[in-house]
Amino acid sequence: DVKVTQSSRYLVKRTGEKVFLECVQDMDHENMFWYRQDPGLGLRLIYFSYDVKMKEKGDIPEGYSVSREKKERFSLILESASTNQTSMYLCASSLTGAGGELFFGEGSRLTVL
Amino acid sequence: QKEVEQNSGPLSVPEGAIASLNCTYSDRGSQSFFWYRQYSGKSPELIMSIYSNGDKEDGRFTAQLNKASQYVSLLIRDSQPSDSATYLCAVNDKDDKIIFGKGTRLHILP
């Protein structure tokens, strides 16, 4: 079975802290994505990567960065967390050429106080 | 701004009836179309994909695509209480970016 694992289901951080959200997939997928999901705003793409060491900005990259040092791992970094980054963060992966056939992790709910 | 539009609902459908969920998209160059189901507190799960005009059936689910009208729909036959969820429409545009609608909440009435 396809599996995308996000390291933390729930996190509580303080404003200004650096936050790391880790995502690992075991399907040898080339493509990985980070979304955030907020009530009334739906799923919004933060960053994505189609290959190791490669990253592309999504629709809302401000305040975030990413790292993809290995094919199976895609990390989202909040350099200095702010309260407006309180959200559900979803990692997803897909095969190249699979279009929008995404496999999602269980999500990481981040609260920034 | 490329958009995918869905009625937010809730859409209430009696058990055993057909649930019809609709989605429109703005980018005429869109290539691929997807329906995801998201239960409350869970992450989205792909249930249907469709790439060409017409209907595609998978069990109780039928996806319908009309590229000329920029319209995609999902029909759920013999609706069950377990179908109660939010259904997200997603479109893969010509730049290969995946754009999600905000979802339609479906409530199946026992």
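Everything below is about the structure shown above.
Before going into details, it helps to say that this report is about the structure given with it. (Residues numbered from 1 in each chain as written. Chains lettered and ligands numbered in written order. Predicted model: local features only at pLDDT ≥ 70, side-chain atom pairs only at ≥ 80, totals over all residues. Heavy atoms only, no water.)

Below, the discussion takes up the nonpolar core. In this structure, Trp35(B), Val72(B), Leu74(B), Ile76(B) and Tyr87(B) are the most contacted members of the largest nonpolar core, which totals 24 residues. Counting only elements with at least two residues in this core, the list comes to strand 3 (19-25), strand 4 (32-38), strand 5 (45-50), strand 7 (61-66), strand 8 (71-76), strand 9 (85-92) and strand 11 (104-109) of chain B. Ranked by size, the runner-up nonpolar core spans 21 residues in total, among them Leu21(A), Phe74(A), Tyr89(A) and Cys91(A). (Core = buried A, V, L, I, M, F, W, Y, C linked by side-chain atoms within 4.5 Å. Buried < 20%, exposed > 50% of the residue type's maximum accessible area, 1.4 Å probe, protein only. Helix = DSSP H or I, 4+ residues; strand = E, 2+ residues; numbered from the N terminus.)

Residue and element names in this part refer to chain B. Bridge count for strand 4 against strand 5 is five bridges, and the pairing is antiparallel. Bridge assignment links Tyr36 to a residue of strand 5, and that residue is Leu46. Connecting strand 4 to the next strand, strand 5, in antiparallel fashion are six residues, including Gly41 with a positive phi near 80 degrees. (Pairing = 2+ DSSP bridges.)

Within the structure shown, the criterion is met by two disulfides over all chains. Across the disulfide, Cys23(A) is cross-linked to Cys91(A) (sulfur-sulfur distance 1.9 Å). Judged by the torsion about the S-S bond (-80 degrees), the Cys23(A)/Cys91(A) disulfide is left-handed. Placement of the pair is Cys23(A) in strand 4 (residues 23-25) and Cys91(A) in strand 10 (residues 87-94), with a sequence separation of 68 residues. For the pair Cys23(A) and Cys91(A), one class covers both residues: buried. Here Cys23(B) engages in a disulfide with Cys89(B); their sulfurs sit 2.1 Å apart. Looking along the S-S bond of the Cys23(B)-Cys89(B) disulfide, the torsion reads about -75 degrees, which is the left-handed sense. Of this pair, Cys23(B) sits in strand 3 while Cys89(B) sits in strand 9; the two residues are 66 residues apart in sequence, bridging distant segments of the chain. (Disulfide = S-S within 2.5 Å.)

All names here are of chain A. Mapping Ser93 onto the fold places it in strand 10. Taking the relative accessible area as the measure of exposure, Ser93 reaches 0% and is therefore buried. Polar side-chain contacts of Ser93 include one of 2.8 Å to the side chain of His29. In this structure Ser93 touches Val4, Gln25, Met27, His29, Asn31, Met32, Phe33, Glu101, Leu102 and Phe103, once residues within four positions along its chain are discounted. (Polar contact = N/O pair within 3.5 Å; in protein donor to acceptor, adjacent residues only side chain to side chain. Contact = heavy atoms within 4.5 Å.)

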